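# Analysis of the macromolecular model
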Amino acid sequence: MNSNWFKLFLKAVKVRYGKKLTLKGVPVIFNKRGATLEIGDNVTVKSSFLSNLVGIYSRTIIVTRTADASIRIGNNVGISGATIYARKSITIGDNTLIGGNCKILDNDFHPIEIEARNNDEKDKIGTKPVVIGKNCFIGCNSLILKGTVLGDGCVVGAGAVVCGEFEENCVIAGNPARVIKKLAVADQDI
């Protein structure tokens, strides 16, 4: 079932989206007042357990949590049952595929210091921008943590826990994730 009626809600919460946005099922997309949430052209967001046979455990969740947060999703991106949660900034490049049940987080959700956590001091939550390049593939059940930078053409193996900066055209896998292979690219104009 395509949830095109949901696009009315997106406009109401000031989510900017391009042409041919396809919603399979009903995602959770929320843009905090003052934040920026942009979705490019020809993006597909799958949120129904039947929409991706890898097995989606929950609906896709895309949330800007603070007024100065930013999420920018490029053109021709596919997202399946993923969580994209920004307190600062998450950028996803064109032609990137985000596999089932991935989590992309630019923050720790809670302060790591005990006193700050017990006092619920939101300003002490660690945040660093996440940048995912163009033409990347993020395997199912991966976790992309704050401060991660993936160069264009990267492939993240299923279940990887990724943190750090990775050059373009490499395969990243494991926990903690590391480069396991460099990809040969015949033409850089992909």
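Keep in mind that this is a model prediction, so the values were computed, not measured.

Cut-offs and rules
Residues numbered from 1 in each chain as written. Predicted model: local features only at pLDDT ≥ 70, side-chain atom pairs only at ≥ 80, totals over all residues. Heavy atoms only, no water. Helix = DSSP H or I, 4+ residues; strand = E, 2+ residues; numbered from the N terminus. Buried < 20%, exposed > 50% of the residue type's maximum accessible area, 1.4 Å probe, protein only. Areas by Shrake-Rupley, 256 points an atom, 1.4 Å probe, with all protein chains shown as cover. Pairing = 2+ DSSP bridges.

Quick look at the overall build of the chain now. Summing up its helical and strand segments, the chain has two helices and 21 strands in all. For the chain, buried positions account for 46% of its 190 residues. Per element, the accessible surface of the chain, about 9800 Å² overall, is 54% carbon and sulfur.

Where strand β1 (residues 16-17) and strand β4 (residues 36-39) come together, two bridges link them in parallel fashion. In the strand pairing of β4, arginine 16 is matched with glutamate 38. Taken together, the four bridges between β4 and strand β7 (residues 70-73) define a ladder with parallel strand orientation. The residue bridging threonine 36 from the neighbouring strand is serine 70, located in β7.

Moving on: unusual backbone geometry. In this model, asparagine 175 is joined to proline 176 through a cis peptide bond whose omega is 0 degrees. Within the secondary structure, proline 176 is located in the loop between β20 (170-174) and β21 (177-182). With phi around 55 degrees, aspartate 120 is a residue other than glycine that occupies positive phi space. Its place among the elements puts aspartate 120 in the loop between α2 (114-118) and β13 (130-132). Under the relative-accessibility criterion, aspartate 120 is labelled partly exposed at 43%.

Purely geometric stuff here, so don't read any function into it on its own.
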